[in-house]
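Observations on the three-dimensional arrangement
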Amino acid sequence: MEFAQFCSTSRVLIVAGKGGVGKTTVTASVATIAARAGMSVLIVEVEGKSGLSAAFGQPNLGYEETQLAPRVRARTLTPDQALVDYLESHGLRRISKRLSSTGTLDVIATAVPGMKDILVLGKVKSLEQDRAADLILVDAPAAGHAISFLLSPSGLLDAVSVGPIRKQAADVTELLADPRRCQVLLVTIPEETPVNELVDTAFAIEDRVGISLAPVVMNACYPQLDLETDVDKVLADADAAGVFVSHREAGHLSDAARFRTERQQIQAAQIERLSAALPLPQIRLPFLFSTDLGPTQIDLLADAMSDRIESIDAPA
Amino acid sequence: MTAPPAGGLSELVSEGHVVICCGSGGVGKTTSAAVIALEGARRGRNAVVVTIDPAKRLANALGLDALSNTAHEIDRQRWSPDDPTASGRLSALMLDTKTTFDGLVTRYANDEEQASRILDNRFYRNVSSALGGTQEYMAMEKLHELHEEGGFELIVVDTPPTRHALDFLDAPKRITRLLDNRIFRLLMLPTRASLRVAGVAVQAFLKTVGRVVGTAVIDDVLAFFRAFEGMEEGFRERAATVLALLEDGGTQFVLVTAPQRDAVEESVYFAEQIAAHDLRVDALVVNRVHPQFGDEQAAGLRARAEHLRTELGSGRAKAAATRLAAQYENLADFQEIAAREHHHLEAIRARIGTAPVSTVPFLAHDVHDFAALSEIGDRVFRADDC
């Protein structure tokens, strides 16, 4: 499948996953591929602090839009700010200050659970309708919260029977349920707990919200190597190649090979398990032997991701 | 591998009373909390671990299910199969936020009738299950309960993953402030003449708000505040007692992190917040540190691989050289990541000052049973095999 086709299937792509699986990295990579394909991209960060700007080698994001790279813009959209904006745009400008200084805002947000989430999604919806970008990427809250974030509109429809908030929830529900407008891209890594959480999240999202899922991103996969874990065989290869390798160094080579082989086996089993549990295509991204993901690493991941996407069959 | 750096953590396991594990999401807080409690029990103490939303397999290992909101002891056979005569005890519980909150309401209500009016209120149900901060607050409440009534020597508490490290310190205040809301309480006051004006203004204000969110919502809230009347004081005092326990010297903080740039940044931020509360980080745990194989540098190893790949022989010798090149590449990859992680560890040491740092190796297998928890414990507390 061409990336443009992959992306153009929906204008809003919500990236979700457990903390620590590389959600932000994946968001940055998708943005990079889309920008390479000539699309304009707007990344919406909903949790405030994240490494997103660092991934593009830029300073921290603010509420105003920032240009992170050619054709890639980003902004934060925090729940608190969304609530204040909403009240101000509904004739409550005069009292919104009083609402927050007296703590009444908290009382109301508590009385209507998911209200802030709806307002964030409502903002995303208006960005979508204003065609703010060809692709809007939402870096969603971490896993457990992602479900409640996405379920918030349907919950609110049950709790609130009238009023503009209800209208907002209905609009957002419509956006989420339309695969031509919105999809969720789930990210995980090939370890047991993250895979379990991904499967739970996937079913919760599809069954309860009716959101379509994009292919799943399996991040941080070791490129499969067939390595020698037996120190004597490493020494034998050194002999055969006509080079000197000390016994000690051969030990390090075989230890490192053993560590990698064990991790590869675990990963292969988890990848297999996810395939069996969830009938969605997987985009596997390589583990980069680095602890800091900056522009160079994001470019590498974007390359890998484009290759993977091309090998996914286009839907009939 | 470096020498065992477990001074701070080790002392805390032997002598600490309340240990709070904090840190950002995905760094292994729950595992660290379990390792610390297990180690306490292995050293003969009566230890309990309070987990929050543990992974399923770990929860199973700890004998936890959805109904485990009270501490229950884990059969010694399971956590100490080699030494069934060990004198320590290990208990675990999985925090159930709503049940804990319900318990608090029942405790402070004047009578059953008041309690059930609150428990049935829709606004209360949102407060106790969906409100951000409630989980943190109830974790601290549970900690207080175990401290007062449990008879435990070592209480290890996992904290929910949050953006703000110290939500668990601020949450009790935030929630009592919510329950104490000035506007809504004004409506409860007897309508003395001087207050009637304020009452009218407040009513108009709420009417406006009601137009946006619906009047049914406002009615629920009012009903709640009416039902809650008279309990604010008890709640406030309780929250103050909980906070006092945290601020007392007997509570120690373990900051859990991972050796990546973003995790380091976040933990530095956490440490600053802890300091801003006049508390200190007593120990740092850096999880999932990759192993280092020897001290050869990555660049040299890569050059060696390149040389083997391009310049050596033909036929059988060439095949052997190619295989060997892959071995060197792999070793170089691990040395590179180990060097980067080492750099981040140094940054943590330099920026988070005095707290002793314990490193937990990245194991080749996943951690979700007592064997693996013990293995980590051995590596952290008895690292003489490294």
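Residues numbered from 1 in each chain as written. Chains lettered and ligands numbered in written order. Predicted model: local features only at pLDDT ≥ 70, side-chain atom pairs only at ≥ 80, totals over all residues.

**Observations concerning the overall build of chain B**
Helix and strand counts for chain B come out as 17 helices and eight strands. By residue count, 47% of the 386 residues in chain B fall in the buried class. Taking the contacts inside chain B whose residues are at least 6 apart along the sequence as the reference set, 77% of them involve residues at least 24 apart. (Helix = DSSP H or I, 4+ residues; strand = E, 2+ residues; numbered from the N terminus. Buried ≥ 20, exposed ≤ 12 C-beta atoms within 10 Å, placed from the backbone. Contact = placed C-beta atoms within 7 Å.)

**Describing the overall build of chain A**
Helices and strands together make up the secondary structure of chain A, namely twelve helices and nine strands. Viewed in the frame of its principal axes, chain A has a C-alpha envelope of about 80 × 40 × 40 Å. Across the 316 residues of chain A, 48% fall into the buried class. Partitioning the intrachain contacts of chain A with sequence separation of at least 6 by distance along the chain shows that 74% fall at a separation of at least 24.

**Comments concerning unusual backbone geometry**
Its identity as a non-glycine residue notwithstanding, A220 of chain A has a phi of 60°, on the positive side. Looking at the element boundaries, A220 of chain A is found in strand β8 (residues 216–221). By the C-beta count within 10 Å, which is 20 here, A220 of chain A ends up buried. The backbone of D53 of chain B sits at a positive phi, close to 55°, despite the residue not being glycine. Along the chain, D53 of chain B falls in the loop between β2 (46–51) and α3 (56–61). A residue is classified by how many C-beta atoms lie within 10 Å of it, and D53 of chain B, with 14 of them, is partly exposed.

**Points about the nonpolar core**
In terms of nonpolar packing, the biggest core is built from 179 residues, with L137 of chain A together with A37 and V156 of chain B touching the most fellow members. In terms of domain composition, this core takes at least three residues from each of domain 1 (7–178 + 232–293 + 341–385) and domain 2 (181–228) of chain B. What V156 of chain B contacts, discounting residues up to four positions off in sequence, is V19, C21, A33, I36, A37, A47 and V49 of chain B. Listed in part, the 25 residues of the second largest apolar core include F293, L331, A332 and I337 of chain B. (Core = buried A, V, L, I, M, F, W, Y, C linked by C-beta atoms within 7 Å. Domains from an automatic or database assignment.)

**Quick look at the confidence of the model for chain B**
All names here are of chain B. With 89% of its residues at a pLDDT of at least 70, chain B reaches an overall mean of 84. Scored below 50 in pLDDT, residues 1–6 shows eleven contacts in the model against residues more than four places distant or in partner chains. Low confidence marks residues 191–195, where pLDDT is under 50. Its contacts with residues over four positions away, or in another chain, come to three contacts. Listed scores for the predicted complex are pTM 0.86 and ipTM 0.86. (pLDDT = per-residue confidence, 0-100.)

**Topic: the sheet that holds strand β4 (residues 89–94) of chain B**
Residue and element names in this part refer to chain B. Reading across the sheet, the eight strands line up as β3-β4-β2-β5-β1-β6-β7-β8 and stay open at both edges, with mixed pairing between neighbours. The open sheet has two edge strands, β3 (72–73) and β8 (357–361), and neither has a second partner. Where β2 meets strand β5 (residues 154–158), four bridges bridge the pair, whose relative direction is parallel. The residue bridging V48 from the neighbouring strand is I155, located in β5. (Pairing = 2+ DSSP bridges.)

**Side note on helix α5 (residues 97–108) of chain B**
All names here are of chain B. Taking 1.5 Å per residue as the helical rise, α5 with its twelve residues ought to reach 16 Å, and the 17 Å between its terminal C-alpha atoms agrees with that figure. Along α5, the residues classified as buried are T97, T100, F101, L104 and V105. One face of α5 carries all of its buried residues, which in axial projection span an arc of 140°. In this structure, the buried residues of α5 make contact with α6 (112–120), α7 (122–129) and α8 (134–149). (Expected span 1.5 Å × (residues − 1). Arc of directions from axis to C-beta.)

**Remarks on the environment of Y124 of chain B**
Tracing the chain through its elements places Y124 of chain B in helix α7. Residues Y124 of chain B and V27 of chain B, spaced 97 residues apart in sequence, show a C-alpha to C-alpha distance of 33 Å.

**Quick word on the confidence of the model for chain A**
In this model, chain A carries a mean pLDDT of 86, and residues with pLDDT of at least 70 account for 94%. Across chain A, element-level confidence peaks in helix α10 (residues 231–241) of chain A with a mean pLDDT of 96 and bottoms out in helix α1 (residues 3–8) of chain A with 65.

**Structural notes on the interface of chain A and chain B**
With 58 residues of chain A in contact, the opposing surface of chain B contributes 64 residues. Looking at the side of chain A that touches chain B residue by residue, the classes come out as 26 nonpolar, 18 polar and 14 charged. (Nonpolar A, V, L, I, M, F, W, Y, C, P; charged D, E, K, R; others polar.)

**Some thoughts on the packing of helix α4 (residues 79–101) of chain A against helix α5 (residues 104–111) of chain A**
Residues and elements named next belong to chain A. Where α4 meets α5, the closest approach of the two axes is 10 Å, and the angle between their N-to-C directions is 135°. Between α4 and α5, the angle falls in the class oblique. Together, L83, L99 and S100 of α4 and T104, L105 and A109 of α5 make up the contact between the two elements. Tallied by class, the residues present in the contact of α4 with α5 amount to four nonpolar, two polar and no charged. (Axes fitted to C-alpha atoms, helices over the stretch in contact; angles between N-to-C directions. Parallel < 35°, antiparallel > 145°, perpendicular 65-115°, else oblique.)

**Some remarks on the pairing of strand β3 (residues 66–69) of chain A**
Note that β3 of chain A and strand β4 (residues 72–76) of chain A share three bridges and pair antiparallel. The residue of β4 of chain A that forms the bridge with A69 of chain A is V72 of chain A.

**Here we look at the packing of helix α2 (residues 29–42) of chain B against helix α17 (residues 370–381) of chain B**
For any two helices packed against each other, the geometry is given by the interaxial angle and the distance between the axes. All names here are of chain B. In contact at an axis separation of 9 Å, α2 and α17 are set at 80° when each is read in the N-to-C sense. Classified by the interaxial angle, the pair formed by α2 and α17 is roughly perpendicular. Only L373, S374, I376, G377, V380 and F381 of α17 make contact with α2, whose side of the interface consists of A34, V35, L38, E39 and R42. Counted by class, the contact of α2 with α17 contains seven nonpolar, two polar and two charged residues.

**Here we look at the environment of R180 of chain A**
All names here are of chain A. Topologically, R180 is positioned in the loop between α8 (164–177) and β6 (182–188). Residues R180 and S10, spaced 170 residues apart in sequence, show a C-alpha to C-alpha distance of 4.6 Å. Those residues in contact with R180 that lie beyond four places of it in its chain are T9 and S10.

**Overview of the environment of R76 of chain B**
All names here are of chain B. Within the fold, R76 resides in helix α4 (residues 76–79). Spatially, the C-alpha atom of R76 lies 9.4 Å from that of A41, the residues being 35 residues apart in sequence. Those residues in contact with R76 that sit more than four places away from it in its chain are P84 and A86.

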